[in-house]
Amino acid sequence: GCQFYPPGEYLRFVRVPENLRVGEEILPIQVFPRNKLVLLPVDKAEDVQYFTFRDVNKTSISIILARSLEDMVDSANPRNVLKFKISCDYNDGEDTITSSLSVTVYVEDVNDHAPIFVGTPYRVTVDELTPVGLTLFRGVKAIDRDKPNTPNSDVQYALVAGNQDEKFSLDNSHQAHLILKKPLDFDNGDREFLLTVSAS
């Protein structure tokens, strides 16, 4: 009948990056003799739509990516596991024998999105008598579209320009709360500061 190799193996696991290009190979599989080879869903019907296969030779096929995986992990409700099975029939003239191999695909998040600031430009008016140590502004925020709650979506902030006199600082690298570090003096030229914050 139709036989997957090595014999006795009914489940395969494979890891792929989310930015794998459509048409690229996910998994080579040895299966022969074969007839009526199809990909079928296991848990969710839509999972199987991400994959297709092509014949390599008489003994092998190649499972390839049919749809982009980009939107799977970089979403509010990320998914990173897809399941399907490869099934094939063999008819010996009297009976149809079906063999199958289940495949579980783990989709790994890739740090492929840069943080984007929201609500810019930021403008703050400050009294020159503001005491040192006070938080002047809490509104600096950047969002990252990589998989939520992972190192790839973790945003770090830094003051990178406009702070030559070190009159300002950020609360810490994870919160871009602007803090006054030195006294301000309007009469001595402290009229306007153009500060540049980076988000990485």
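Here, every reference points to the structure presented above.
Attention in this report is confined to the structure presented alongside it. No experiment lies behind these values; they were computed from the predicted model shown.

### Some points on the sheet that holds strand S4 (residues 38-41)
1) Next: Strand order in this open sheet of 4 strands is S2-S8-S7-S4, and the pairing throughout is mixed. Both outer strands of the open sheet, strand S2 (11-17) and S4, are each paired with one neighbouring strand and no more. Each strand of the sheet is rotated relative to its neighbour by a mean of 30 degrees, with strand direction disregarded.
2) Next: As paired elements, S4 and strand S7 (residues 81-91) share 4 bridges and run antiparallel to each other. Bridge assignment links Pro-41 to a residue of S7, and that residue is Phe-84.

### As for the environment of Ala-114
1) Next: With respect to the secondary-structure elements, Ala-114 resides in the loop between strand S8 (96-108) and strand S9 (116-117).
2) Next: Residues in contact with Ala-114, not counting those within four places in the same chain, are Ile-143 and Asp-144.

### Things to note about the state of the cysteines
1) Next: The full count for this structure, using the stated rule, is 1 disulfide.
2) Next: Paired by a disulfide, Cys-2 and Cys-88 hold their sulfur atoms 1.5 Å apart. A torsion of -65 degrees about the S-S bond marks the disulfide between Cys-2 and Cys-88 as left-handed. Remark: Cys-88 occurs in strand S7 and Cys-2 occurs in the segment before strand S1 (4-5); sequence separation between them is 86 residues.
3) Next: Residue class for Cys-88 comes out buried when judged on its relative accessible area of 0%.

### Quick word on the packing of aromatic side chains
1) Next: Counting across every chain of the model gives 7 aromatic pairs.
2) Next: With centroids separated by 4.3 Å and ring planes inclined at 15 degrees, the aromatic side chains of Tyr-5 and Phe-32 adopt a geometry described as stacked. Here Phe-32 lies in the loop between strand S3 (25-31) and S4 and Tyr-5 lies in strand S1, a separation of 27 residues in the sequence.
3) Next: A residue is classified by how much of its surface remains accessible, and Phe-32, at 26% relative accessible area, is partly exposed.
4) Next: Residues Tyr-50 and Phe-51 carry aromatic rings whose centres are separated by 6.5 Å and whose planes lie at 55 degrees to one another, so their mutual orientation is tilted. In this structure, Tyr-50 and Phe-51 share a single accessibility class: buried.
5) Next: Taken together, Tyr-50, Phe-51 and Phe-84 form an aromatic cluster joined through their ring pairs.
6) Next: Over the ring of Tyr-106 we find Arg-15; its NZ or CZ atom is 5.0 Å from the centre of that ring.

Criteria and thresholds
- Residues numbered from 1 in each chain as written.
- Predicted model: local features only at pLDDT ≥ 70, side-chain atom pairs only at ≥ 80, totals over all residues.
- Heavy atoms only, no water.
- Pairing = 2+ DSSP bridges.
- Helix = DSSP H or I, 4+ residues; strand = E, 2+ residues; numbered from the N terminus.
- Axes fitted to C-alpha atoms, helices over the stretch in contact; angles between N-to-C directions.
- Contact = heavy atoms within 4.5 Å.
- Disulfide = S-S within 2.5 Å.
- Buried < 20%, exposed > 50% of the residue type's maximum accessible area, 1.4 Å probe, protein only.
- Phe/Tyr/Trp six-rings, centres within 6.5 Å; stacked < 30°, edge-to-face > 60°.
- Lys NZ or Arg CZ within 6 Å of the ring centre and 35° of its normal.

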